[in-house]
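# An overview of the molecular structure
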Amino acid sequence: MEQSKKEYRLVLPVPMFHSDYNIWAVLKNCIGKELSKITMPVVFNEPLSFLQRMAEYMEYAHLLRIAAQQEDPIERLQYVIGFAVSALASNWERLGKPFNPLLGETYELEREDFKIICEQVSHHPPVSAFHAESDDWVFHGSVHPKLKFWGKSVEIQPKGTVTVEFPKLKEAYTWNNVTCCVHNIIMGKMWMEQCGNMEIVSNSGYKANLTFKQARGSSKNLHRIEGHISDKLKQKLFYVYGKWTEFIKCTEYARYEEFIKESSSKCGEARSKSPNDSPSHTSRKMLQKFNSLKVSTFRSQNSTQEPNDVDDPEDLPKGDSDVLPDIPNSKTIWKVNPRPPQSGDYYQFTMFAMALNELEPGMENILCPTDSRLRPDIKKLEQGDIDGAAIEKTRLEEKQRDANKQRKSKHAVQWTPRWFVQQINPYTQQEDWISNGNYWKRQYTNDLDIF
Ligand code: CLR
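About the thresholds
- Residues numbered from 1 in each chain as written.
- Predicted model: local features only at pLDDT ≥ 70, side-chain atom pairs only at ≥ 80, totals over all residues.
- Heavy atoms only, no water.
- Buried < 20%, exposed > 50% of the residue type's maximum accessible area, 1.4 Å probe, protein only.
- Helix = DSSP H or I, 4+ residues; strand = E, 2+ residues; numbered from the N terminus.
- Pairing = 2+ DSSP bridges.
- Contact = heavy atoms within 4.5 Å.
- Near = heavy atom within 4 Å.
- Polar contact = N/O pair within 3.5 Å; in protein donor to acceptor, adjacent residues only side chain to side chain.
- Areas by Shrake-Rupley, 256 points an atom, 1.4 Å probe, with all protein chains shown as cover.
- Arc of directions from axis to C-beta.
- Axes fitted to C-alpha atoms, helices over the stretch in contact; angles between N-to-C directions.
- Parallel < 35°, antiparallel > 145°, perpendicular 65-115°, else oblique.
- Nonpolar A, V, L, I, M, F, W, Y, C, P; charged D, E, K, R; others polar.
- Core = buried A, V, L, I, M, F, W, Y, C linked by side-chain atoms within 4.5 Å.

Along any regular strand the residues' side chains alternate between the sheet's two faces. Counting buried residues along strand E14 (residues 236–243), six of its eight residues qualify, which places the element largely inside the surrounding structure. In the sheet, strand E13 (residues 224–230) pairs with E14 via seven bridges, with the strands oriented antiparallel. Its bridge partner lying in E14, Glu 226 is registered against Tyr 241. In this structure, the hairpin formed by E13 and E14 is closed by a connection of five residues, where Lys 234 is found at a positive phi of approximately 65°.

Moving on to the side chain of His 123. Looking at where His 123 falls in the secondary structure, it is placed in the loop between strand E4 (114–122) and strand E5 (127–133). For His 123, a relative accessible area of 10% gives the class buried. Excluding residues that lie within four positions of it along the chain, His 123 makes contacts with Ser 36, Pro 101, Leu 103 and Gln 400.

This part takes up the site of the ligand. The immediate surroundings of the ligand are formed by 19 residues, with Leu 27, Tyr 57, Asn 91, Pro 98 and Asn 177 found nearest. With respect to the ligand, the side chain of Tyr 57 contributes an N or O atom lying 2.6 Å from an oxygen atom. Within the side chain of Asn 177, a nitrogen or oxygen atom sits 3.4 Å from an oxygen atom of the ligand. Taking 600 Å² as the accessible area of the ligand by itself, protein coverage stands at 99%.

Attention now moves to the pairing of strand E10 (residues 179–183). Summarising burial for E10: five of the five residues are buried, a large majority. Of the two faces of E10, the one carrying Thr 179, Cys 181 and His 183 and the one carrying Cys 180 and Val 182 are both buried. One ladder, built from three bridges, connects strand E7 (residues 153–159) with E10; its direction is antiparallel. Each residue of the ladder has a partner; that of Glu 155, found in E10, is Cys 181.

The subject of this paragraph is helix H3 (residues 62–69). A turn of α-helix holds 3.6 residues, and therefore any two residues three or four places apart point the same way. Taken as a whole, H3 has its buried residues at Leu 63, Leu 64, Ala 67 and Ala 68. Buried residues of H3, viewed axially, fall in a sector of 140°; they line one side. Looking at the buried side of H3, the elements it contacts are helix H4 (73–86), strand E6 (138–150), strand E8 (161–166) and strand E16 (331–335).

Taken N-terminus to C-terminus, the directions of H3 and H4 make an angle of 170°; their axes are 8 Å apart at the nearest point. With respect to H4, the element H3 is oriented roughly antiparallel. For the pair H3 and H4, the contacting residues are Leu 63, Leu 64, Ile 66, Ala 67 and Ala 68 in the first and Arg 76, Tyr 79, Val 80, Gly 82, Phe 83 and Ser 86 in the second. Taken together, the residues of the contact of H3 with H4 sort by class into eight nonpolar, two polar and one charged.

Core analysis: the largest hydrophobic core is formed by 87 residues, its most contacted members being Met 58, Phe 139, Trp 175 and Ile 200. If one sorts the elements of this core by residue count, H4 sits on top with eight residues. Apart from residues lying up to four places away in sequence, Ile 200 is in contact with Leu 77, Val 80, Ile 81, Ala 84, Tyr 173, Thr 174, Trp 175, Tyr 206, Lys 207 and Ala 208. Residues Val 127, Ala 129, Trp 433 and Tyr 439 belong to the second largest nonpolar core, which totals 10 residues.

Here it is in structure tokens:
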């Protein structure tokens, strides 16, 4: 055990209040609204700001260190894929709404191997920018969550790109975030999936294409990801597969093709022979498993289950399969940390999330006064004071509205973010928010009073 290892809190001060309010009663008045304009009763909130949710991308930051240590750019890309996918894992079962950050709100997090700073750079539309760094990598980007209502579900598109740079290697990787779908917002049990394509592009010439599959009513594809790594000539080099909730593995593309071919031919052979005793039984079974993951039992890792009590087959993944397919000779790039046992009473938080709002000893004196940890409404919810949180939330929102009104008057100073500037990202050639490098100088003033 390293002695210098800091210890962080393992739970929140009090367990959450389990409400059975119907979210639809609130949401039906919000159709067509921007995410930042949806005001929901605090019982639907989790005691974190969206900026702190951005910091959750960093739970598996060690993968970037491993990536930087690789000599082969293809292996580096594998770990960047691992990092990009792992960044989404904490979203599993997290259905509480984080607090909308106030304009100018910041959040910093320093851990053994990295530090990150996030700032709410725009309120309408809501844009959160972040910049994380360590000795051998930089990770930055911005997120503008766009909401779309689709009847029984809501789709959240996190617009914006993210970039990982390895300055010493002069390499950079950029990708887009996939869409997050929240189902059963009218009735039944809400659940979430991540869907769409993620393209991780590197200036090394290699590229990864990943598909986050939609469950579409069966557990077969629930949370599954599949994709490949290709080179400049579009040759597929590696096959990548897994679940954003659990793990990601890869194997040489040729091996994957071999596996598929072998399994299907053995499958054919087996059909003519006795089905159970043939030597190909195992690989045939594997292929079956691989091609159609069967529903067996609900995953037992956590107390909460994937919904099974809705009556519309469109919205009914029968549960997560607990058997996972495996292709021989695969390399595991990333595996999820198990949720803490008390997670179900604490907003389904991961261990990493539990400590995000912790005011560590000595922090009060150095923290930027706009830090999310100092938000009174979040603090109150964290302490289980729902009414107090609601009052504070309303007060902060009114305060923000007044400040905006003042800025709109002719002679007032216009709003400019303090820690980020809007610039063209050299790797994507698109407008992006880039850190001005000043935050960690820790010269904060009290001129922005948002709480
Ligand atoms: C998913 C990962 C992306 C960034 C991102 C953007 C918006 C987030 C979403 C993530 C997770 C789910 C989320 C959403 C905003 C609101 C929604 C927190 C982090 C919650 C579940 C609230 C749902 C309530 C609706 C029914 C209005 O990279």
